[in-house]
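Examination of the molecular architecture
Here is how the chains run, residue by residue.
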Amino acid sequence: LNPDKKAAVNDRAQALSKDFKDLLDQYKEVFAQKKNKTFIVPHQAFGYLARDFGLEQYPLQGLTSVSEPDLKTIQEAIAACKTLGIKTVFYEFGGPSKGAEAIAKEAKIEAAPLATMEMKVPGKDGQDLHYKDLMEMNLKNIAESLGQ
């Protein structure tokens with residue numbers, strides 16, 4: 001579409017491809033070392049991640065997060081946290097955190113965000129966060145939640 005910028009676009013595409021390969025390698029390395037493999041998520045948005053890296057997602061909702069979890073789901077999640085040694089319950093970055101915070105308070109654990117890419121999330125300076133930034137945040141938060 002813009003022949004004058006072909007070289008610049010190709011260079012950026014190659015750099016981005018390398019960044020994503022490096023990120024994938026980080027995910028593989030980090031999750032291969034984890035003994036605990038279960039994490040609580042707002043809804044079933046992380047099935048691909050769980051499958052690809054040998055993890056198990058414990059979703060509070062079905063495929064979408066249009067509402068907060070009901071009381072029975074919250075009670076079951078609190079029990080699961082205690083039984084499975086889960087240290088963090090996740091809420092959707094940019095979305096409501098009330099359900100996750102209720103579970104965290106009752107189970108005496110942390111609540112933290114995970115990006116599902118469903119919501120537009122601005123950065124500190126008002127600019128949208130890059131996909132890579134969000135995936136790095138997810139890696140850090142899930143890895144920390146799984147402990148050693």
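Our subject is the structure that appears above.
The structure contained in this document is the topic of the report that follows.

Thresholds applied
- The residue numbers shown here count from 1 along each chain, following its written sequence.
- This being a predicted model, a pLDDT of at least 70 is required before a residue's local features are given, and a value of 80 or more before pairs of side-chain atoms are given or counted; all residues contribute to the totals for chains, interfaces and linings.
- Based on all heavy atoms of the structure, the side-chain values leave hydrogens and waters out of the count.
- For this analysis, a nonpolar core means a set of buried residues of the types Ala, Val, Leu, Ile, Met, Phe, Trp, Tyr and Cys, connected via side-chain atoms within 4.5 Å.
- Accessibility here uses a 1.4 Å probe with only protein chains present; expressed as a share of the type maximum, an area under 20% marks a residue as buried, one over 50% as exposed, and anything in between as partly exposed.
- Strands are runs of DSSP state E lasting at least 2 residues, helices are runs of H or I lasting at least 4, and numbering of each runs from the N terminus.
- Whether two residues are in contact is decided by their heavy atoms, any of which lying within 4.5 Å being enough.
- For this analysis, a polar contact is any N or O atom pair within 3.5 Å, provided that within protein one partner can donate a hydrogen and the other can accept it, and provided that sequence-adjacent residues contribute only side-chain to side-chain pairs.
- Whether two strands pair comes down to DSSP finding at least two bridges between them.
- Place the viewer so that the strands point away; then a crossover is right-handed whenever the path from the first strand over the helix to the second strand goes clockwise.
- The directions considered for the arc are those from the helix axis to the C-beta atoms.
- Axis lines are fitted to C-alpha atoms, over the contacting stretch for helices. Their N-to-C directions set the angle, which ranges from 0 to 180 degrees.
- Oblique is the label for any angle not under 35 degrees, not over 145, and not in the 65 to 115 range, which are roughly parallel, roughly antiparallel and roughly perpendicular in turn.
- Gly is put with the polar residues, along with every residue not named as nonpolar or charged; the nonpolar set is Ala, Val, Leu, Ile, Met, Phe, Trp, Tyr, Cys and Pro, and the charged set is Asp, Glu, Lys and Arg.

In this structure, Tyr 27, Phe 31, Phe 39, Leu 49, Leu 55 and Ile 142 are the most contacted members of the largest nonpolar core, which totals 22 residues. Secondary structure elements with two or more residues in this core: helix 1 (6–32), strand 1 (38–41), helix 2 (47–53), strand 4 (110–114) and helix 5 (131–146). Ranked by residue count, the leading element in this core is helix 5, at seven residues. Other than its neighbours up to four places away in sequence, Leu 49 contacts Tyr 27, Phe 39, Leu 55 and Ile 142. Counting residues in hydrophobic clusters, the runner-up holds 14 residues, among them Ile 40, Ala 77, Ile 103 and Ala 107.

Moving on to the side chain of Asn 36. Locating Asn 36 in the fold gives a position in the loop between helix 1 and strand 1. Within polar-contact distance, the side chain of Asn 36 engages the backbone nitrogen of Thr 38 at 3.2 Å.

A few words on unusual backbone geometry. Of note in this structure, Lys 108 is not a glycine but carries a positive phi near 60°. Take Lys 108: it is sitting in the loop between helix 4 (98–107) and strand 4. Residue classification places Lys 108 among the exposed positions, given a relative accessible area of 75%.

Across a regular strand the side chains alternate sides, sitting on one face of the sheet and then on the other. As judged from the four bridges shared by strand 1 and strand 2 (residues 56–59), these two strands associate in the parallel manner. Its bridge partner lying in strand 2, Phe 39 is registered against Gln 57. Since strand 1 and strand 2 lie parallel, the crossover through helix 2 that links them has a hand, and here it is right-handed.

Of all the positions in helix 4, only Gly 99, Ala 100, Ile 103, Ala 104 and Ala 107 are classed as buried. Down the axis of helix 4, the sector holding all buried residues measures 135°, keeping them to one side. The exposed set on the far side of helix 4, more than 90 degrees from its buried face, consists of Lys 98 and Lys 105. Against the buried residues of helix 4 lie helix 3 (71–84), strand 3 (88–92) and strand 4. Just downstream of helix 4 lies Lys 108, where phi reads positive at about 60°.

A separate point is the packing of helix 1 against helix 5. At a closest axis distance of 11 Å, the pairing of helix 1 and helix 5 adopts a crossing angle of 5°. By the angle between their directions, the pair helix 1 and helix 5 is classed as roughly parallel. For the pair helix 1 and helix 5, the contacting residues are Asp 19, Phe 20, Leu 23, Gln 26, Tyr 27, Val 30 and Phe 31 in the first and Tyr 131, Lys 132, Met 135, Glu 136, Asn 138, Leu 139, Ile 142, Ala 143 and Leu 146 in the second. In the contact of helix 1 with helix 5, the residues fall into 11 nonpolar, two polar and three charged.

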